[in-house]
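# Observations on the model geometry
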Amino acid sequence: MFFVCRSFIIFNIELKIINRETTLLDIRYRGGSSISLHCLQLHLLSRMISNTATCDGSLTSSDFHMAANAFADKWKKFNSDFPEWLWIDCSNRLGFAAHGVSDGYLSVQKVFFQTSLKEEHGECSSNDCEEPFDDATLSSGDDGHWYDFHLVYSSSYRVPVLYFHAYSSDGQPLNKDEIEKSLSTESVNVLKESKWTFITQEEHPYLNRPWYTLHPCGTSEWMKLLLAGENRTTENRMEQYLISWFSVVGQVFGMRLPHEMLKSAC
Amino acid sequence: MEKEAQQFVWEGAIPLQVHLHDSEVTTLPPPSPALILAPRIGYLPLLCPQLKPFFSEALPPGVDTIWFEYKGLPLKWYIPIGVLFDLLCAEPERPWNLTVHFRGYPGHILIPCDGEDGVKWSYINSLKEAAYIIHGSSKNVMNMSHPDQVELWRSVMSGKLDTYNLISSKLKLGIIGDEFSGKLNPSPLKGQHSANDTEATAALKASRIPVRLYLWTVNEDFDDLEEAPHFDSWDQISYINRPVEFKTEGKYFTLLDAVKSILPELYPGSSNTMNTESKNEQKVEAEKESYPVIKLLRIQGIEPKMEIPFSWVVNNLMNPDYFLHICLYIKVPKPIGT
C-alpha cells in the first residue's frame, strides 16, 4: 500500500467517568475493533465532543513547556520509584539564545522493561489500572530492555511526540523487530498483521539521529476527544494535557499512569 | 498567483560526479566516476537505478544499500538534493563530487531507506505534515485516491510540473492569496484559487506556511564563501520546522518578515519579538554588536532579496512537498555558551 497509514493498531477505547471532573481513558490493545493510534480515526464518541469541544487538541510550544513541567512534577510525586523526567534545555542549540521561549524536551532515561513479565501481563482490564508499572520496574536483571523516552514538541502538528531509543543491557540498540518483540503480546500480534507501521524511525529533532517514534499526525484528534467535556481553566487543561496524552501513548509500552496522577490533575 | 519561477525550480538540476568509495572497489583499474544530472527536487536514493549498473561490476559480493557522502559527511537522503547542495556547498561546486557507497550503511546517522518506496513514504509524510500545517488536518492528503497518489509521486520523480499542478491542486493546499502581489503584478491570471472564493478566503485566514530551516552557525567570520569552513558533522546544522504565521497587516509580508517571525532572536528591537518591552533602547544598541547575523540565505540555489513578497517566494520556490526549504548561514560573534 502506498499510504502513510499503512495499517492500524487496534484499540478498544473505554471512557470511564470517575467523577464529574476526571475522565479516565482506558485504552486496550485488542484485535477486534476500530481505532488506530498511529493515524487515529476516531469515529466514536462524536456525541461527546460535539457540544463541548472548546479545545482543538493542540497546544503551543510554551504550553508544552508548562505541561512538561507539570507532568514531570506529578510523575515525581506519584512515581517516586521510577526514573525522573527531566527537562532538557536546548535554548542555545542554534548557537544563540532562543527568544522568549524555552526550547527543549522532556527526557527519561534507562527505563527497564523485563521481558519475561510481558507474557503474564497481557491485557489491562479497567479494574487493574490502579496498579501502575507492574511490568516496568527498576530491577537489574538481564532478561530485559532499556528504554530512553523523549517527549518532543512538534510545531507542525502542535502536539507532543514520543521519541524512544531502546537497547539491551550491553548497550546494543534494539532494531524494530526486537522492539516489537518486547512490546506486550497483544501489541505484537497486531503488529504481525500490519508490518512496518505504527512505530517508525525518524530523525530526532534535537539529536540529529534516527530515533523511533509514534507518528503524531492523529494526535490532536484523539486529544480533542480526551480533553473534551472537561470544564477546566486553560491552565489546568495544559497541565492535564501531557498526562492525558501519556495515558494513551505510554500504554504502547505497558506503562500506565497511576490513578492519582490522573485524578490529581483536576 | 504567478508561478513563473516554479518551472525553473522543477527543471533545476545539479551536475554530479559520483565516485565509488575506494573500499568497495574490487576491480583494476577502478571504475571511472559517473556523471549524472540530479534534479533539485529529487532525492539521492532515486539515482540508484542509474548508478547501480554503472558500478555493479566493481562491487564486492553482498547486499546493496545505497548511500552517499560528501567530504566524509553521510548525506541525509530525505533532504531534497537541491537543498543538500545549497546547504553543503557554500561556494557551488560543479560538478558536485559525491562518493557513493553500496555497503556499510551508517544506520546510527541515517534513517534506513528501503529504496524508492522509502523515499515515497518520506515524501508523502512530508506532504502530510505540510497539509496539517496549512489546514490543521492531513485529511486531504490521506484521502487521495490511489491513482492520484501514484500519479503525484510519478510527476515528482519525473519532474512533470503540469501533472503535478493538476493533481496537487486537488489537495487544496494553495497557500497564500496575497492581494499585494496582484497589485504589483497586474496580470489577469488568478490561478486555481479563483475557482472557489470561499476556499481562497479560508486559506488566507489559515495562513500557516510550512517552512524547513537548515541553520548553520559559524563562529569565525569569512568574507568569501570559498573560505567558508565545511561541515564534518550534522551536529553543526540545526534542522528546524517552524511554520511561518503569515500576516499582512496593511502591507505586504516580505521574506524578511518571514525570517523575523521564525528567528526573532536575529532581530533585536524588532516589533515582532516577544520580550523587547523591558529593554531600553540604549541597551538594545549595545547588544546589537553581539547579535548573530545572517551571512547567507539561500533558497533553490538563489539568494533572494529580503524585500520580496513572501507569497512569491513560497509559491515559486517551495518543493513539491509544499515545504519551503531555506538554508541559512548565521554568524555568531561570540563563541557559543558565553
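An unreviewed UniProt entry annotates chain B as Autophagy protein 5 of Tagetes erecta. Quoted verbatim from the Subunit (unreviewed entry) heading of the UniProt record, the comment on chain B is "Conjugated with ATG12." The Sequence similarities (unreviewed entry) field of the UniProt record for chain B holds the comment "Belongs to the ATG5 family."

The name given to chain A in an unreviewed UniProt entry is Ubiquitin-like-conjugating enzyme ATG10, and the organism recorded there is Tagetes erecta. Database annotation for chain A, UniProt heading Sequence similarities (unreviewed entry): "Belongs to the ATG10 family."

Among the nonpolar cores identified, the biggest contains 107 residues, and Leu88(B), Trp96(B) and Phe310(B) are the most heavily contacted of them. The greatest single-element share of this core, amounting to 8 residues, is contributed by helix 4 (residues 115-135) of chain B. If we ignore the near neighbours within four places in the chain, the residues touching Leu88(B) are Tyr70(B), Leu73(B), Leu75(B), Trp96(B), Phe231(B), Ile237(B) and Tyr329(B). With 48 residues, the next largest nonpolar core counts Phe71(A), Trp75(A), Phe164(A) and Ile199(A) among its residues.

The partner chain B presents 48 residues to the 34 residues of chain A that form the contact. Applying the counting criterion to the chain A and chain B interface returns 2 salt bridges. Contributions of two or more residues to the side of chain A that touches chain B are made by strand 7 (199-203) and helix 6 (219-227) of chain A. No other element matches strand 7 of chain A, which puts 4 residues into the side of chain A that touches chain B.

This brings us to the domain arrangement of chain B. All names here are of chain B. For chain B, the assigned domains are domain 1 (11-101), domain 2 (115-207) and domain 3 (208-331). Contacts between the two partners involve 19 residues from domain 1 and, on the opposite side, 21 residues from domain 3. Carbon and sulfur atoms supply 66% of the area that domain 1 and domain 3 bury against each other, a total of about 1800 Å² over both sides. Across the domain 1-domain 3 interface, the total number found is 7 residue pairs in polar contact (both at pLDDT 80 or more). Residue assignment for the side of domain 1 that touches domain 3 shows that the elements contributing at least two residues are strand 4 (73-74) and helix 3 (81-88). Partitioned by chemical class, the residues of the side of domain 1 that touches domain 3 number 14 nonpolar, no polar and 5 charged.

What follows concerns the pairing of strand 4 (residues 104-114) of chain A. All names here are of chain A. Where burial is concerned, most of strand 4 is hidden: 9 out of the 11 residues are buried. Here strand 3 (residues 86-89) pairs with strand 4 via 4 bridges, running antiparallel. Note on strand 4: the bridge partner recorded for Leu86 is Ser107. In this structure, strand 4 lies alongside strand 5 (residues 144-154), joined through 7 bridges in antiparallel fashion. Bridge pairing in strand 5 places Val108 opposite Phe149.

Residue and element names in this part refer to chain B. Of note, Val293 is situated in strand 10 (residues 293-298). For Val293, a relative accessible area of 44% translates into the label partly exposed. Considering only alpha carbons, one finds Val293 and Val314, 21 residues apart in sequence, at a separation of 23 Å. Ignoring anything within four residues of it in the chain, the contact list for Val293 reads Tyr329, Ile330 and Lys331.

Rules and cut-offs
- Residues numbered from 1 in each chain as written.
- Chains lettered and ligands numbered in written order.
- Predicted model: local features only at pLDDT ≥ 70, side-chain atom pairs only at ≥ 80, totals over all residues.
- Heavy atoms only, no water.
- UniProt positions renumbered as here; feature names shortened; annotations may be inferred.
- Core = buried A, V, L, I, M, F, W, Y, C linked by side-chain atoms within 4.5 Å.
- Buried < 20%, exposed > 50% of the residue type's maximum accessible area, 1.4 Å probe, protein only.
- Helix = DSSP H or I, 4+ residues; strand = E, 2+ residues; numbered from the N terminus.
- Contact = heavy atoms within 4.5 Å.
- Salt bridge = Lys/Arg side-chain N within 4 Å of Asp/Glu carboxyl O.
- Domains from an automatic or database assignment.
- Buried area = accessible area lost by both parts, 1.4 Å probe.
- Polar contact = N/O pair within 3.5 Å; in protein donor to acceptor, adjacent residues only side chain to side chain.
- Nonpolar A, V, L, I, M, F, W, Y, C, P; charged D, E, K, R; others polar.
- Pairing = 2+ DSSP bridges.

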